[in-house]
Amino acid sequence: THQVVITHEYVQSMKALGTPQGTFAAELLDFFSTTYGEMLGTYGGPLHDPCAILAITHPELFDLREKRVEIELHGEFTRGMTAVDERPFVKSKRQEPNALVAYEPKSAEIFTRIFDAVKAAPFAR
């Protein structure tokens, strides 16, 4: 998801829709990008949640690979972190793949899908 990063141009394209949905999306994306950017010293932030949904609804937008994924439960500094076993070999049943992990997101297409969804959203009063 860190390869799918919001830009000023994308936020402006949402705002340019001139709809309440476009304005809301632009303000939401801008707030997130500004807040996230303050930590990194630059504008922009990754689209974690939309990528998670799109990996399920539009898996063709990612290179999905079978991997072993575990949640670290005991580390003092790593507790709660997700660990993906990237080793190309399997030694035991415990190391067998248990999840699909998304790589190489098609960023331009992801942004287009989100933009099109916001553009098509009906206005609710």
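Definitions and cut-offs
Residues numbered from 1 in each chain as written. Predicted model: local features only at pLDDT ≥ 70, side-chain atom pairs only at ≥ 80, totals over all residues. Heavy atoms only, no water. Salt bridge = Lys/Arg side-chain N within 4 Å of Asp/Glu carboxyl O. Helix = DSSP H or I, 4+ residues; strand = E, 2+ residues; numbered from the N terminus. Buried < 20%, exposed > 50% of the residue type's maximum accessible area, 1.4 Å probe, protein only. Polar contact = N/O pair within 3.5 Å; in protein donor to acceptor, adjacent residues only side chain to side chain. Phe/Tyr/Trp six-rings, centres within 6.5 Å; stacked < 30°, edge-to-face > 60°. Pairing = 2+ DSSP bridges. pLDDT = per-residue confidence, 0-100. Axes fitted to C-alpha atoms, helices over the stretch in contact; angles between N-to-C directions. Parallel < 35°, antiparallel > 145°, perpendicular 65-115°, else oblique. Left-handed = near helix turned anticlockwise from the far one by under 90°. Contact = heavy atoms within 4.5 Å. Nonpolar A, V, L, I, M, F, W, Y, C, P; charged D, E, K, R; others polar.

Draft legend 1. Highlighting the pattern of salt bridges. Within this structure, the stated rule accounts for 4 salt bridges. We note a salt bridge from Arg113 to Glu60, for which the minimum N-O separation is 3.6 Å. Taken together, the positions of Arg113 in helix α4 (residues 107-120) and Glu60 in the loop between α3 (48-57) and β1 (63-71) put the pair 53 residues apart, joining distant regions of the chain. What makes Arg113 partly exposed here is its relative accessible area of 37%. Among the residues examined, Glu60 registers a relative accessible area of 41% and is labelled partly exposed.

Draft legend 2. Region of interest: the environment of Glu109. Looking at where Glu109 falls in the secondary structure, it is placed in helix α4. On a C-alpha basis, the gap between Glu109 and Ala25 in space is 17 Å, while along the polypeptide they are 84 residues apart.

Draft legend 3. Highlighting unusual backbone geometry. Although it is not a glycine, Glu104 sits at a positive phi angle of roughly 45°. On the secondary structure map, Glu104 appears in the loop between β3 (99-103) and α4.

Draft legend 4. Geometry of the side chain of Arg68. Residue placement: Arg68 occurs in strand β1. A relative accessible area of 16% places Arg68 in the buried class. At 3.0 Å, the side chain of Arg68 forms a polar contact with the backbone oxygen of Glu96.

Draft legend 5. Structural context of the packing of aromatic side chains. Under the defined criterion, the tally for this structure stands at 2 aromatic pairs. Centroid distance Phe32 to Tyr36: 5.5 Å. Interplanar angle 35°. Geometry classified as tilted. With Phe32 and Tyr36 both in helix α2 (residues 20-40) and 4 residues apart, the pair spans about one turn of that helix. On the basis of relative accessibility, which here comes to 30%, the residue Phe32 falls in the partly exposed class.

Draft legend 6. Local environment of the pairing of β1. Bridge analysis of β1 against β3 gives 5 bridges, and the strand direction is antiparallel. When the bridges of β3 are listed, Lys67 appears paired with Ala99. Pairing between β1 and strand β2 (residues 82-85): 4 bridges, direction antiparallel. Note that in β2 the partner of Arg68 across the bridge is Asp85.

Draft legend 7. Inspection of the confidence of the model for the chain at higher detail. When the pLDDT values of the chain are averaged, the result is 89; 93% of them are 70 or greater. Ranking the elements of the chain by mean pLDDT puts β2 last with 88 and helix α1 (residues 8-15) first with 95.

Draft legend 8. Representation of the packing of α1 against α4 within the structure. Running from N to C, α1 and α4 point in directions that differ by 20°, and their axes come no closer than 10 Å. Judged by the inter-axis angle, α1 sits roughly parallel to α4. Between α1 and α4 lies a crossing of right-handed hand. For the pair α1 and α4, the contacting residues are Tyr10, Ser13 and Met14 in the first and Phe111, Ile114, Phe115 and Val118 in the second. Across the contact of α1 with α4, the residue classes break down as 6 nonpolar, 1 polar and no charged.

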